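# Chains, contacts and geometry: an overview
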Amino acid sequence: HIIGAAQVHVRVIGKGVNGKLLTSSYERRKSDEYYSELGHTLVSLAKTIPAGVLVFFPSYGVMDACLEKWGGPSSGSSSFGKGNNTNEFFQQRRKK
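First, a word on what this report is: a plain description of the structure on this page. (Residues numbered from 1 in each chain as written. Predicted model: local features only at pLDDT ≥ 70, side-chain atom pairs only at ≥ 80, totals over all residues. Heavy atoms only, no water.)

### A few points about the side chain of E37
Mapped onto the elements, E37 comes out in helix α1 (residues 32–48). In this structure, E37 is buried with no salt-bridge partner, the nearest side chain bearing the opposite charge being K20 at 6.4 Å. Engagement of the side chain of E37 in a polar contact is seen with the backbone nitrogen of N18, the distance being 2.7 Å. Other than its neighbours up to four places away in sequence, E37 contacts G16, V17, N18, G19, K20 and L22. (Helix = DSSP H or I, 4+ residues; strand = E, 2+ residues; numbered from the N terminus. Buried < 20%, exposed > 50% of the residue type's maximum accessible area, 1.4 Å probe, protein only. Lys, Arg positive; Asp, Glu negative; His and termini not counted. Salt bridge = Lys/Arg side-chain N within 4 Å of Asp/Glu carboxyl O. Polar contact = N/O pair within 3.5 Å; in protein donor to acceptor, adjacent residues only side chain to side chain. Contact = heavy atoms within 4.5 Å.)

### As for the pattern of salt bridges
A full pass over the atoms with the stated rule returns four salt bridges. Two residues, E33 and K20, come together in a salt bridge whose shortest N-O distance is 3.9 Å. Of this pair, E33 sits in helix α1 while K20 sits in the segment before α1, placing them 13 residues apart in sequence.

### Details of the nonpolar core
Judged by nonpolar contacts, L22, Y34, Y35, L38, L42, V62 and C66 together constitute the single largest core of seven residues. Taken together, the elements giving at least two residues each to this core come down to α1 and α2 (60–70). If one sorts the elements of this core by residue count, α1 sits on top with four residues. (Core = buried A, V, L, I, M, F, W, Y, C linked by side-chain atoms within 4.5 Å.)

### Focus: the packing of aromatic side chains
Applying the stated criterion across every chain, the model contains one aromatic pair. Measuring from centroid to centroid gives 5.1 Å for Y34 and Y35, while their planes differ by 75°, and the two rings are edge-to-face. (Phe/Tyr/Trp six-rings, centres within 6.5 Å; stacked < 30°, edge-to-face > 60°.)

### Section: α2
By the burial criterion, the buried members of α2 are V62, M63, C66 and L67. Within α2, the buried residues cover an arc of 135° as seen down the axis, which keeps them to one side. On the buried face of α2, the contacting elements are α1 and β2 (88–90). (Arc of directions from axis to C-beta.)

### Examining the environment of E33
With a relative accessible area of 36%, E33 lands in the partly exposed category. Beyond its immediate sequence surroundings of up to four residues, E33 is in contact with K20 and R28. Among the polar contacts listed, one links the side chain of E33 to the side chain of R28, at a separation of 3.1 Å.

### As for α1
Residues spaced three or four apart along an α-helix point in a common direction, a consequence of the helix completing one turn every 3.6 residues. For α1, spanning 17 residues, the distance from its first C-alpha to its last is 25 Å, which sits close to the expected 24 Å at 1.5 Å a residue. Every buried residue belonging to α1 is among Y34, Y35, E37, L38, G39, T41, L42, V43 and A46, and all of these are buried. On the buried face of α1, the contacting elements are α2. The opening residue of α1 is S31, an N-cap whose side-chain oxygen sits 3.1 Å from the backbone nitrogen of E33. (Expected span 1.5 Å × (residues − 1).)

This is the structure in structure tokens:
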């Protein structure tokens, strides 16, 4: 990977930009509010962090569900989030 240790700042975010809970429990992932709050929070962070954001999901299934809810790319890269024209979204592929 091309990311150096000095470029990484790991943080767990418990609440989103609108104050909603961001826990990724099975029950919480049934709620559209969870996906909306997570998406808005990531877009907000991406706008304020010029060098980019690396996001880890608890599983590929959760990542796929988020991308589906957000209208994300199925392959390659595309703009991520409405009104966020400065950052691109790249999805790491699963190894088959």
